[in-house]
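Structure at a glance
Letter by letter, the chains look like this.
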There are 2 protein chains.
Amino acid sequence: MMSKKRRLGRGVAMVGAGMSRFGIFPDRDTKDLFTEAFQSMLASVDKGADPADIDALYLGNFTNDFFAGQSHWGPILTDALGMIPKPATRTEGACASSAIAFREGVFAIASGFYDMVLVGGVEEMSKRSTADVAEGLALAAIPYERQSGFTFPGVFGAIATAYFDRYGADRRHLMDVTIKSHDNAPLNPRAQYRSSIRTIMESKAERARSKGEEVPEWEDEKEFLSDPRANPVVAWPMHLFDCCPISDGACCILLVGEELARQFTDAPLHVAGLGQASGRGLHAAETLTSFEATRHAAAEAYGMADMGPGDIQVAEVHDCFSVSEILHLEDLGFYEPGEGYKAVSDGATRLDGPKPVNTSGGLKCKGHPVGATGVAQLVELWEQLRHQAGDRQVPNADLRVGAAQNLGGTGGTCTVTILERR
Amino acid sequence: MMSKKRRLGRGVAMVGAGMSRFGIFPDRDTKDLFTEAFQSMLASVDKGADPADIDALYLGNFTNDFFAGQSHWGPILTDALGMIPKPATRTEGACASSAIAFREGVFAIASGFYDMVLVGGVEEMSKRSTADVAEGLALAAIPYERQSGFTFPGVFGAIATAYFDRYGADRRHLMDVTIKSHDNAPLNPRAQYRSSIRTIMESKAERARSKGEEVPEWEDEKEFLSDPRANPVVAWPMHLFDCCPISDGACCILLVGEELARQFTDAPLHVAGLGQASGRGLHAAETLTSFEATRHAAAEAYGMADMGPGDIQVAEVHDCFSVSEILHLEDLGFYEPGEGYKAVSDGATRLDGPKPVNTSGGLKCKGHPVGATGVAQLVELWEQLRHQAGDRQVPNADLRVGAAQNLGGTGGTCTVTILERR
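Throughout what follows, the structure given in this document is the object of discussion. Because the structure is predicted, anything quoted here is derived from the model rather than measured.

1. Section: the overall build of chain A
- Across its full length, chain A carries 15 helices and eleven strands.
- The C-alpha radius of gyration of chain A comes to 20 Å, within 12% of the 22 Å expected for a compact globule of 422 residues.
- Dimensions of chain A along its principal axes, counting C-alpha atoms only, are 65 × 50 × 45 Å.
- Within chain A, the proportion of its 422 residues that are buried is 68%.
- Total accessible area on chain A stands at roughly 13400 Å², and carbon and sulfur atoms take up 49% of it.

Here it is as structure tokens:
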């Protein structure tokens, strides 16, 4: 684990956060999505903010080079927002690209160089075919994995198999992650998929009935998810409903020096803990059932925040696949190794449980425009910690500390961010 | 121009700098090049540095996604250097990608979060065909330019035409940039092209003589460069010798908190000024003969350093094409608009002139592995300001302040960095 105690010389606060809808938007491009997120962010600043006061833009994007045939998005989006000549820096860390942008925005303010920074994330994935997207995403994997024929579902399928073998879990435990995400998503108006598994199940049965076809008799959600007609295998044991979708979307956050925060809102969020670490690919991992980068990043973030896993009241974690949510719960120290799946199946991570996780619907249902995801997680914490999450508000009047964990590639990059309302 | 005076809460110093050879290396990949640059950097630290003390890596890379079929290089290179689990952040700003990485490394230390940061840049371009590289580089242009059929040589050809028209310069003035770069490069052991124009001219004549062919009678370098057999047009008036090459290469710099610098060397370089700005593409530029991003970045850097153009004793500027070197000299304030070409033709920017520019040979001769270039410029300043530049050392015993200017795309991103030996 990291030995040094990290500190910032100047505190940094979040005073605004917003996002576009996530989904598949054939007629909207990166500029449209980012502008929507920017307007949503501006509207969230309680006392208002003047875009002319923004000193710089940090933009997370994985590979619009590949997905949209254009790189160098920093100045293009700066121009789209009317912010030329403000500087723009793109960061890339695969699916953790915008959590990294957030960190850089924090450092830029903490350094004293800037006072107000716009942090964003965007990805425009749906214009390419699914096969092309799979090829594009594979750019994020460690080379050995691709050369061994692993796709992302294949990697996480292998991880799930190892977890099952080691701890005695099975597919039905993974289903509890999926069912929970799908239960939260209908409460999130910007989520890509907003139906519970029960609703999907009942509408499939209803459709069969209306067509005069044989009506499947699924007793409950797990029986539905066990039916290969409803939930086909992608890379065993990862089935369709274990996998997050292809998405378009963008997010924005406004950061300021902490001493300035009350000019913008009476309820800023303090950047309490930051952690980032790198990990080896599967070829060199000590274990398949834990991500070393997550463990190191968590230790660093807890150290800076002077907090431990027990202090985190709500969390967004990187559920690119159902099994990864369980691993992250353990790597964040919420549960001992091999205990995460039991907690999930006991309902501990549900909206009304003791440790609500992925209240947004997670990557699985909210969507996963990869370069936007890290900031999207922080947007969810913004709403939860400020008690503005509407129907999906965690029912805890004392809610004030949340964490987000964002994973890039097959564990190559991980960030952990702890936000606190003081 | 920027109105705020930028300051860092904690000073940052460069205590090591190194680079790989630049060139075309069919049998060496990104890991090989970066490892060479890292070893070169470590060897440059006067009192030695322990890699285990490095807190984080910042890596500039434009689009190895495209050039090398792999993204997410941060953790891959961290692993290659044996530095897992240290965090790694990739930055991208087209050809300014690694100058941006340098800035982020400075901010990370100035913020107090880290004490020692490795900054690097790398690009591996030569494995793709020239046509593919042109397509890859076009990802950095503003979309309107590509949609109008502009290539990079086309954009800079249009800029040169506008400059000629406005100020009365002609191709023979551009040749003075090329001749100077080729005169400096033989003195740089890591440059890609290490022959003066005179040497190239004489060897071409000698080759014709030895083959019994008609021997061309070029009176001097400018006659040689005017001969389309020797210097064919690429995009008028940009000819072959106006254009930088396709290159592979990597660079590394070691940064520490200023109060720690003397542990590593008695001659650290202080990060005196930082500037970065964004510009519109040609479609919206107010003028074709000046880059707004460079002007804004320069003003910011001079403001932070409490310096002006007259304080800069040596400079590396972004000569992706001969004409851009002249524009940058004017945008940096070294010369008035329309005066830069006269100064160059008067020899002012030669190694022994009053304002030596691109002593490294510049992008033209040192090479331009795009993601490595920003850091490569700072490596040159490291050697010049510490009087370690060997045969190409600027003959000025009082040399202590240098600037580097790095341009991304067609002016979308510009950085200006001022380094000072105190």
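2. Quick look at the pattern of salt bridges
- Counted under the stated rule, the structure contains 58 salt bridges over all chains.
- Across the pair E292(A) and R280(A) runs a salt bridge whose closest N-O atoms are separated by 2.7 Å. In this pair, E292(A) is assigned in helix 11 (residues 292–305) and R280(A) in the loop between strand 8 (269–278) and helix 11, connecting sequence segments twelve residues apart.
- A residue is classified by how much of its surface remains accessible, and E292(A), at 14% relative accessible area, is buried.
- Given a relative accessible area of 26%, R280(A) falls into the partly exposed group.
- Put simply, E202(B) and R198(B) hold a salt bridge, and the shortest N to O gap is 3.8 Å. Here E202(B) and its partner R198(B) are both found in helix 9 (residues 197–210), four residues apart, which amounts to about one turn of the helix.
- Salt bridges sharing partners connect three or more residues here, namely R190(A), E380(A), E383(A) and R392(A).

3. Thoughts on the relation of the copies chain B and chain A
- Turning chain B through 180 degrees and shifting it by 0.0 Å along the axis lays it on chain A, with an RMSD of 0.0 Å. What the superposition gives is, in effect, a two-fold axis relating one chain to the other. Scanning chain B for the C-alpha nearest the rotation axis identifies S111(B), at a separation of 1.9 Å.
- The share of interface residues of chain B whose copies in chain A are also at the interface is 100%, consistent with both copies meeting through the same surface.

4. A few points about the nonpolar core
- With 80 residues, the main nonpolar core has M14(A), F102(A), I253(A), M14(B), F102(B) and I253(B) as its most contacted residues.
- Once you skip the residues sitting within four places of it in the chain, I253(B) turns out to touch M14(B), G16(B), A17(B), M41(B), F102(B), V117(B), L118(B), V119(B), V375(B), L378(B) and V379(B).

5. Observations regarding the interface of chain B and chain A
- On the chain A side, the residues contacting the 65 residues of chain B number 66 residues.
- Summed over both partners, the interface of chain B with chain A buries about 4900 Å², with 49% contributed by carbon and sulfur atoms.
- Connecting chain B to chain A are four salt bridges.
- The partner of R90(B) in a salt bridge is E92(A), with the nearest N and O atoms 3.0 Å apart.
- Within the residue set of the side of chain B that touches chain A, elements represented by two or more residues are helix 3 (73–80), strand 3 (88–92), helix 4 (97–110), helix 6 (143–147), strand 8 (269–278) and helix 11 (292–305) of chain B.
- Looking at the side of chain B that touches chain A, the element that brings in the most residues is helix 4 of chain B, giving six residues.
- The residue inventory of the side of chain B that touches chain A, partitioned by class, reads 26 nonpolar, 21 polar and 18 charged.

6. Details of the packing of aromatic side chains
Residues and elements named next belong to chain A.
- Per the stated rule, a full pass over the model turns up 22 aromatic pairs over all chains.
- An angle of 80 degrees between the planes, with centres 4.9 Å apart, marks the rings of F113 and Y114 as edge-to-face. We note that F113, like Y114, is buried.
- Pairing W218 with F224 gives two aromatic rings, centres 4.7 Å apart and planes at 85 degrees, and the pair type is edge-to-face. In this pair, the class of W218 matches that of F224, namely buried.

7. Some words on the environment of S181(A)
Residue and element names in this part refer to chain A.
- Within the secondary structure, S181 sits in helix 8 (residues 171–184).
- The class for S181 is buried, based on a relative accessible area of 0%.
- Between the C-alpha atom of S181 and that of K366, which follows or precedes it by 185 residues, the distance is 8.6 Å.
- Residue contacts for S181: discarding those within four places in its chain leaves D319, E325, G361, K364 and C365.

8. Comments concerning unusual backbone geometry
- For the peptide bond that leads from I84(A) to P85(A), omega is 10 degrees, which places it in the cis range.
- Topologically, P85(A) is positioned in the loop between helix 3 (73–80) and strand 3 (88–92).
- Omega for the peptide link from W236(A) to P237(A) comes to 0 degrees, which places this bond in the cis form.
- With respect to the element layout, P237(A) can be found in the loop between strand 5 (233–235) and strand 6 (238–239).
- With a phi close to 55 degrees, H72(A) is a non-glycine residue in the positive phi region.
- Along the chain, H72(A) falls in the loop between helix 2 (64–68) and helix 3.
- Positive phi, normally seen in glycine, also occurs at H387(B), with a value near 60 degrees.

9. Considering the side chain of E420(B)
Residue and element names in this part refer to chain B.
- Within the element layout of this structure, E420 appears in strand 11 (residues 413–420).
- Take E420: its relative accessible area is 10%, and that puts it in the buried class.
- Side chain to side chain, E420 and R400 meet in a polar contact 2.5 Å long.
- One polar contact links E420 to R422, side chain to side chain, over a distance of 3.4 Å.
- E420 has contacts with P268, L269, H270, A272, M307, R400 and V401, leaving out every residue within four places of it along the chain.

Cut-offs used in this document
Residues numbered from 1 in each chain as written. Chains lettered and ligands numbered in written order. Predicted model: local features only at pLDDT ≥ 70, side-chain atom pairs only at ≥ 80, totals over all residues. Heavy atoms only, no water. Helix = DSSP H or I, 4+ residues; strand = E, 2+ residues; numbered from the N terminus. Rg over C-alpha atoms; globule rule 2.2 N^0.38 Å. Buried < 20%, exposed > 50% of the residue type's maximum accessible area, 1.4 Å probe, protein only. Areas by Shrake-Rupley, 256 points an atom, 1.4 Å probe, with all protein chains shown as cover. Salt bridge = Lys/Arg side-chain N within 4 Å of Asp/Glu carboxyl O. Least-squares fit on C-alpha atoms with pLDDT ≥ 70 in both. Contact = heavy atoms within 4.5 Å. Core = buried A, V, L, I, M, F, W, Y, C linked by side-chain atoms within 4.5 Å. Buried area = accessible area lost by both parts, 1.4 Å probe. Nonpolar A, V, L, I, M, F, W, Y, C, P; charged D, E, K, R; others polar. Phe/Tyr/Trp six-rings, centres within 6.5 Å; stacked < 30°, edge-to-face > 60°. Polar contact = N/O pair within 3.5 Å; in protein donor to acceptor, adjacent residues only side chain to side chain.

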